[in-house]
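Each chain, written out:
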Amino acid sequence: MSKHSLIYPVLRVFASLALMTIGGAGMYAIVVSLKPISIEFASGRGAASLPYTLTMIGYGLGGILLGKISDRIGVFWPALSGSVMLAGGFAVAAQVETLWQLCIVQGLMIGLLGSAATFAPLVADTSHWFLRRRGIAVAIVISGNYLAGAIWPTIIQDLIDEESWRAAYEALAYFCIVVMPILALILLRRAPVSKDGDSTDSTSNNDRPLGITPNALQCIVCFAGVGCCVAMAMPQVHIIAYVTDLGYEAKDGAIMLSIALGCGVISRIISGLVCDRIGGLNTLLLGSALQMLTLSLYLPFKSLTALYVIAALFGLSQGGIVPSYTIIVRTYFKASEAGWRIGTALFFTLAGMALGGWLAGAIYDLTGSYDAAFINAIAFNIANLFLAAELRRRANRFATT
């Protein structure tokens, strides 16, 4: 690829990164607002986690739907419509009167039709524009999900402390409707996908990847996504509530979340470079093992300094897990199916986040402590590690035959 022909794909990478960073506010706004919402609507932590859970489910289902549409018409129109729906969702959410109304708005407008357009479709689209450097390109774009977590929690927490969670949502609505449509215009040109739909770089038989049917492999990848992200959700969703329960300030929790996700950006970039060298399966196995070790540190260490250090280690350990699923899909499946297959794989990671966020809150309500929730997260992580190891074993076997 010539230097001239590389300029536009790189421009798309950074436009997609910016869109995903802004779109991620739909997920992190509800995370930071969890405790104020719980107080305002007089609900338990489990019930207050439901808007987040429905947001993540909508986020994931929207990725499949909009990924399928992007396979047909390109990513521009989904990105543009998602920008409008996200801004509208924030505006409507700021006016709700009940928790269930908030759940519906978060799930449909902010999740399904809004933020979803800025995740899986953009990742799949980026994978079409690069071949030799696909891992780093995908890693940069998908870092927007974590960059959002590094930027938005402290901003939203400041708005909540100064005014209210409703005022924070209104401010986000104005920002999204002004900035996002401009960025979407950069994605007007369609991605170059061959007419027959076959991946030109696949290292595997598209009919029997790793010796099993494509749908069977898809299922394994999806179940692995649930396992890693149920584990991942525990500190990401509940860290602010967790640190306040330990007697620290909510601001400390917001900063920890920003540190974790900021370090996650670094981890994702490094993992992209690593992935280009060792492949998606090895990257998944490495990230899963590191995440499990880091989660274990939350059980014995509860001082403020230790929690800050663990937050950084957590971000550095697991940033490469989710991007590796995109590379696995693009390695073993047809390019023409990338949008919906990547969307499906990422949906299950988001479903894992949704389940993990709710499950941690429900376990807290039952036990009055987050220790059992961390143990539950570690158990799901072990399941992910097992599935990743099995896929790697199959890859090794077929590489030698």
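Colleague: Lay out the overall build of the protein chain with the relevant residues and their values.
Modeller: Scanning the protein chain from terminus to terminus reveals 17 helices and zero strands. A compact globule built from 401 residues would reach a C-alpha radius of gyration of about 21 Å, and the protein chain, at 20 Å, matches this within 12%. Considered along the principal axes of its C-alpha atoms, the protein chain spans approximately 55 × 45 × 35 Å. Taking all 401 residues of the protein chain together, the buried fraction comes to 58%. For the protein chain, restricting intrachain contacts to residue pairs at least 6 apart in sequence, the fraction spanning at least 24 positions comes to 85%. Carbon and sulfur atoms make up 69% of the accessible area of the protein chain, which amounts to about 15200 Å² in all. Between the averaged position of the 25 positive side-chain charges in the protein chain and that of its 21 negative side-chain charges there is a distance of 15 Å.

Colleague: Talk me through the side chain of Arg134; I want residue IDs and the actual numbers.
Modeller: You can see Arg134 is positioned in helix H9 (residues 134–162). In this structure Arg134 comes out as buried when scored by relative accessible area, which is 8%. Side-chain polar atoms of Arg134 contact the backbone oxygen of Ser127, separated by 2.9 Å.

Colleague: Tell me about the confidence of the model for the protein chain, and please be specific about residues and values.
Modeller: Keep in mind that low pLDDT regions are not for reading the predicted coordinates in detail. Considering every residue of the protein chain, the mean pLDDT works out to 89; 95% of them sit at 70 or more. Of the regions scoring below 50 in pLDDT, residues 195–203 engages in 16 contacts with residues more than four places distant in sequence or in other chains.

Colleague: Describe the pattern of salt bridges, and please don't skip the residues or the numbers.
Modeller: All told, the structure shown has seven salt bridges when counted by the stated rule. Across the pair Lys251 and Asp158 runs a salt bridge whose closest N-O atoms are separated by 2.5 Å. Residue Lys251 is located in helix H12 (residues 250–278), and its partner Asp158 is located in helix H9; the two are separated by 93 residues in the primary sequence. For Lys302, the salt bridge identified is with Asp371, shortest N-O distance 2.9 Å. Of this pair, Lys302 sits in the loop between helix H13 (280–297) and helix H14 (304–318) while Asp371 sits in helix H17 (residues 371–399), and the two are 69 residues apart along the sequence. Residue class for Lys302 comes out partly exposed when judged on its relative accessible area of 28%.

Colleague: Report on the packing of aromatic side chains, specifying residues and quantitative values.
Modeller: Aromatic ring pairs: the centre-centre distance and the angle between the two ring planes describe each pair. Scanning the entire structure with this criterion turns up eleven aromatic pairs. Look at Phe347 and Phe348: their rings are 5.1 Å apart centre to centre, the planes differ by 80°, and that puts the pair in the edge-to-face class. Of the residues examined, Phe347 reaches a relative accessible area of 13% and is grouped as buried.

Colleague: Can you lay out a nonpolar patch on the surface for me, pointing to particular residues and giving the numbers?
Modeller: A surface patch of nonpolar side chains, amounting to about 420 Å² of accessible area, comprises Ile266, Ile270, Val309, Leu313 and Leu316. At the level of secondary structure, the elements contributing two or more residues to the nonpolar patch comprise H12 and H14. No other element matches the three residues that H14 contributes to the nonpolar patch. Relative to the assigned elements, Ile266 resides in helix H12. For Ile266, a relative accessible area of 44% translates into the label partly exposed.

Colleague: An account of the nonpolar core is requested, with residue identities and associated values reported.
Modeller: Membership of the largest hydrophobic core comes to 124 residues, with the highest contact counts inside it found for Phe90 and Tyr169. The dominant element in this core, judged by the number of residues it contributes, is helix H11 (residues 214–245), at 15 residues. Beyond its immediate stretch of four places on either side in the chain, Tyr169 contacts Ala29, Ile30, Ser33, Phe90, Ala93, Ala94, Gln106 and Ile110.

Colleague: So, H11: which residues are in play, and what are the values?
Modeller: The first and last C-alpha atoms of H11 sit 46 Å apart over 32 residues, in line with the 46 Å expected at 1.5 Å per residue. Residue Ile239 marks the point of greatest curvature in H11, where the axis turns by about 70°. With 26 of its 32 residues buried, H11 lies for the most part within the structure. Following H11 by one or two positions, Gly247 has its phi on the positive side, about 100°.

Colleague: Describe in detail a negative patch on the surface, supporting the description with residues and values.
Modeller: Residues Asp161, Glu162, Glu163 and Glu170 make up a contiguous surface patch of negative charge. Inspection of the secondary structure assignment puts Glu170 in helix H10 (residues 165–185).

Colleague: Explain the packing of H9 against helix H15 (residues 321–332) to me, using residue names and the numbers behind them.
Modeller: As a packed pair, H9 and H15 sit with axes 10 Å apart at the nearest point and diverge in direction by 140°. One element, H9, and the other, H15, form an angle in the oblique class. For the pair H9 and H15, the sense of crossing is right-handed. Judged by residue contacts, Arg134, Gly135, Val138 and Ile142 of H9 engage Val322, Pro323, Thr326, Ile327 and Arg330 from H15.

Colleague: Before we move on, could you go through the environment of Gly352 and cite the residues and values that matter?
Modeller: As for its position among the elements, Gly352 is in helix H16 (residues 338–367). Separated by 28 residues in sequence, Gly352 and Phe380 have C-alpha atoms that sit 9.7 Å apart. Beyond its immediate stretch of four places on either side in the chain, Gly352 contacts Val226, Cys229, Val230 and Ala233.

Colleague: Describe the state of the cysteines, naming the residues involved and giving the relevant values.
Modeller: Counted according to the given criterion, the structure contains zero disulfides. Left unpaired, Cys222 is separated from the closest cysteine sulfur, that of Cys219, by 6.3 Å. On the accessibility criterion, Cys222 (4% relative accessible area) is buried.

Colleague: Can you lay out H17 for me, pointing to particular residues and giving the numbers?
Modeller: Between its first and last C-alpha, H17 extends 42 Å over 29 residues, near the 42 Å set by a 1.5 Å rise per residue. Within H17, the full set of buried residues consists of Ala373, Phe374, Ala377, Ile378, Asn381, Asn384, Ala388, Leu391, Arg394 and Ala395. Contacts from the buried residues of H17 go to H11, H13, H15 and H16.

Definitions and limits used
- Residues numbered from 1 in each chain as written.
- Predicted model: local features only at pLDDT ≥ 70, side-chain atom pairs only at ≥ 80, totals over all residues.
- Heavy atoms only, no water.
- Helix = DSSP H or I, 4+ residues; strand = E, 2+ residues; numbered from the N terminus.
- Rg over C-alpha atoms; globule rule 2.2 N^0.38 Å.
- Buried < 20%, exposed > 50% of the residue type's maximum accessible area, 1.4 Å probe, protein only.
- Contact = heavy atoms within 4.5 Å.
- Areas by Shrake-Rupley, 256 points an atom, 1.4 Å probe, with all protein chains shown as cover.
- Lys, Arg positive; Asp, Glu negative; His and termini not counted.
- Charge placed at Lys NZ, Arg CZ, Asp CG, Glu CD.
- Polar contact = N/O pair within 3.5 Å; in protein donor to acceptor, adjacent residues only side chain to side chain.
- pLDDT = per-residue confidence, 0-100.
- Salt bridge = Lys/Arg side-chain N within 4 Å of Asp/Glu carboxyl O.
- Phe/Tyr/Trp six-rings, centres within 6.5 Å; stacked < 30°, edge-to-face > 60°.
- Patch = residues over 30% accessible without salt bridge, like charges linked within 9 Å, V, L, I, M, F, W, Y side chains within 5 Å.
- Core = buried A, V, L, I, M, F, W, Y, C linked by side-chain atoms within 4.5 Å.
- Expected span 1.5 Å × (residues − 1).
- Bend = angle between axes of the 7 residues up to and from the residue.
- Axes fitted to C-alpha atoms, helices over the stretch in contact; angles between N-to-C directions.
- Parallel < 35°, antiparallel > 145°, perpendicular 65-115°, else oblique.
- Left-handed = near helix turned anticlockwise from the far one by under 90°.
- Disulfide = S-S within 2.5 Å.

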